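# Close look at the chain arrangement
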Amino acid sequence: MIGAGSWGTTFGKILADGGANVTMWARRPELANEIHEGKRNSEYLPGINLPREMSATHHLSEALDGAEQVYLSIPSQAVRQNLKAVRPLVANTDAPIVSLMKGVERRTGLRMSQVIEQELHCDPLRIAVASGPNLALEIAREQPTAAVISSTSQEPADAVARRARNRYFRTFVNTDVIGTEFGGVLKNLIAVAIGIVDGVGYGENTKASIITRGLVEMTDFAVAFGAHPETLQGLAGLGDLIATCQSPLSRNNTAGRLLGQGYSFQDVVKQMQQTAEGLASVTPILQLAREVGVEMPIVEQVKMVLDGTMNPRDIAPHLTTDDDTPQGERTQNGQAGGGGALWRSIQRALDQFRDGGRGASGNRS
Ligand SMILES: NC(=O)C1=CN([C@@H]2O[C@H](COP(=O)(O)OP(=O)(O)OC[C@H]3O[C@@H](n4cnc5c(N)ncnc54)[C@H](O)[C@@H]3O)[C@@H](O)[C@H]2O)C=CC1
Ligand SMILES: O=C(CO)COP(=O)(O)O
């Protein structure tokens, strides 16, 4: 396990409680020592006793020596750099590489499985991702939880899912890596919005409206990149959205709450002791959305609050950026009245085609 923060350590415990021998890699020797000797990670998982089958080291080569499966759980912005050191150590194995992370790379907009493929130069069939409503501390306390393991072919997902399960953690599988990864990334952005609303003091109607419309934004976006819509209705989409938006354990939710209470982005970053992936993902996600013509009014508002250009009190579940034309509620795939972003982008492409490629590009409806 590469990364011994709250999720890496919890996932290590899941694997060890399921019967695996787990070696954690921690960047800091003192943390590796605490896990190895004391079977504790008091900074990230206070009050949790770790299984005896878990060991830890701060030497990457020791952690990866003989590994049958490799799991990655460090902040998304640090992954590429760390993979450069991992690469020679996994080059001669065919062990599945499993991403537990829920961010996109700020500079490139790439999902973590794409960064892994680039940096490890490995067969994409070897890469799997895990996602779902998985607040680390609840699982570390052995509260029953489900997750999904995804890989483009069934076999690695099955192999990982068989390992990553135990009496309190149940894994399902799918082959929609794009939907599974984007579900985890996008729900963080909606959780920041919910935190902002909480911080401002708005109530359940506002939050339910943002969660519901947020799921539409998530689905439109992910489908435009090739995801299956049903993945976004599953554990990696709706499931994770509910958990993250409802829980004060969520760091994204917490960061949003501080923004809603009036703290600046810089203050929030200073106060956060743990990784809130949504803060770094918002800009690349909006960039990607623009490239495929998907509108994300809630995520746009989160960015404006982060940038200090919108008063948090003005955040609202905008149904559309087009104020004049009432739109169908189900926007996805152009169902119900043709209101969907995907449908609009298809219409734009058709217009452009009819127009011989002239003039339609600036004409976003
Ligand atoms: N904590 C949770 O409940 C869950 C987190 N995740 C995802 O797991 C990933 C990791 O998050 P957490 O473990 O929660 O974060 P964390 O903030 O608890 O721990 C991050 C770990 O990475 C280490 N780290 C920081 N910068 C590093 C660098 N440059 N190189 C190497 N190591 C570095 C830290 O020392 C720490 O051990 C994120 O993508 C997050 O979205 C996914 C599901 C649940
Ligand atoms: O991904 C998570 C729960 O599934 C954890 O959410 P946070 O990163 O916001 O704490």
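Just so it is clear, the structure is predicted and the values come from calculations on it, not from any experiment.

Time to look at the environment of Pro 312. One can find Pro 312 in the loop between α15 (297-307) and α16 (335-338). Taking the C-alpha atoms as reference, Pro 312 lies 9.2 Å from Ala 193; in sequence the two are 119 residues apart.

Bringing the packing of helix α9 (residues 204-224) against α15 into the picture now. Here α9 crosses α15 at 110°, and the two axes come no closer than 8 Å. Taken together, the axis directions place α9 and α15 in an arrangement best described as roughly perpendicular. Two secondary-structure elements touch here, α9 through Ile 210, Arg 213, Gly 214 and Glu 217 and α15 through Pro 297, Ile 298 and Val 299. When its residues are assigned to classes, the contact of α9 with α15 shows four nonpolar, one polar and two charged.

Going through the model one piece at a time under the given rule, you end up with 14 salt bridges. In this structure, Glu 142 and Lys 13 form a salt bridge, with 2.5 Å as the shortest nitrogen-oxygen distance. Linking Glu 142 in the loop between α6 (136-140) and β6 (145-150) with Lys 13 in helix α1 (residues 6-17), this pair joins segments that are 129 residues apart in sequence. Glu 119 is the salt-bridge partner of Arg 80, the closest N and O atoms lying 2.8 Å from each other. You can see Arg 80 sitting in helix α4 (residues 79-90) and its partner Glu 119 sitting in helix α5 (residues 112-120), a full 39 residues away along the chain. By the burial criterion, Arg 80 is buried, and Glu 119 matches it. Put simply, Lys 13, Asp 17, Glu 142 and Arg 167 are held in one network by salt bridges that share partners.

Moving on: the nonpolar core. Counting 43 residues, the largest nonpolar core has Phe 182, Leu 186, Ile 190, Phe 221, Ile 285 and Met 296 as the members making the most contacts within it. Broken down by secondary-structure element, the contributors of at least two residues to this core are α8 (177-200), α9, α11 (235-246), α12 (251-260), α14 (278-292) and α15. Take this core: its biggest share by element is twelve residues, from α8. With residues up to four places along the chain from it excluded, the contact list for Leu 186 reads Met 218, Phe 221, Ile 285 and Met 296.

A common way to express how large an interface is: the accessible area buried when the components associate. What the domain assignment lists for the protein is domain 1 (6-175) and domain 2 (184-318). Taking the mean C-alpha position of each, domain 1 and domain 2 sit 25 Å from one another. Contact with domain 1, which involves 25 residues of that partner, is made by 22 residues of domain 2. Asp 240 is the partner of Lys 102 in a salt bridge, and the nearest nitrogen-oxygen pair spans 2.7 Å. At the boundary of domain 1 with domain 2, the tally comes to five residue pairs in polar contact (both at pLDDT 80 or more). Listing elements by their share of the side of domain 1 that touches domain 2, those giving two or more residues are α6, β6 and β7 (169-174). In terms of residue count, the dominant contributor to the side of domain 1 that touches domain 2 is β6 (three residues). Counted by class, the side of domain 1 that touches domain 2 contains eleven nonpolar, nine polar and five charged residues.

One non-glycine residue, Lys 39, lies in the positive phi region at around 55°. Looking at the secondary structure, you find Lys 39 in the loop between α2 (29-38) and β2 (54-57). Even without being glycine, Glu 142 reaches a positive phi, approximately 70°.

Moving on: the packing of aromatic side chains. For the structure shown, the criterion picks out six aromatic pairs. Each ring, one from Phe 11 and one from Phe 169, has its centre 5.8 Å from the other, and the planes form 80°; the classification is edge-to-face. Remark: Phe 169 occurs in strand β7 and Phe 11 occurs in helix α1; sequence separation between them is 158 residues. For Phe 11, a relative accessible area of 1% gives the class buried.

Our next topic: the environment of Val 294. Tracing the backbone through its elements, the reader meets Val 294 in the loop between α14 and α15. For Val 294, a relative accessible area of 6% gives the class buried. Val 294 sits 290 residues away from Ala 4 along the chain, and the two C-alpha atoms are 36 Å apart.

What counts and what doesn't
- Residues numbered from 1 in each chain as written.
- Chains lettered and ligands numbered in written order.
- Predicted model: local features only at pLDDT ≥ 70, side-chain atom pairs only at ≥ 80, totals over all residues.
- Heavy atoms only, no water.
- Helix = DSSP H or I, 4+ residues; strand = E, 2+ residues; numbered from the N terminus.
- Axes fitted to C-alpha atoms, helices over the stretch in contact; angles between N-to-C directions.
- Parallel < 35°, antiparallel > 145°, perpendicular 65-115°, else oblique.
- Contact = heavy atoms within 4.5 Å.
- Nonpolar A, V, L, I, M, F, W, Y, C, P; charged D, E, K, R; others polar.
- Salt bridge = Lys/Arg side-chain N within 4 Å of Asp/Glu carboxyl O.
- Buried < 20%, exposed > 50% of the residue type's maximum accessible area, 1.4 Å probe, protein only.
- Core = buried A, V, L, I, M, F, W, Y, C linked by side-chain atoms within 4.5 Å.
- Domains from an automatic or database assignment.
- Polar contact = N/O pair within 3.5 Å; in protein donor to acceptor, adjacent residues only side chain to side chain.
- Phe/Tyr/Trp six-rings, centres within 6.5 Å; stacked < 30°, edge-to-face > 60°.

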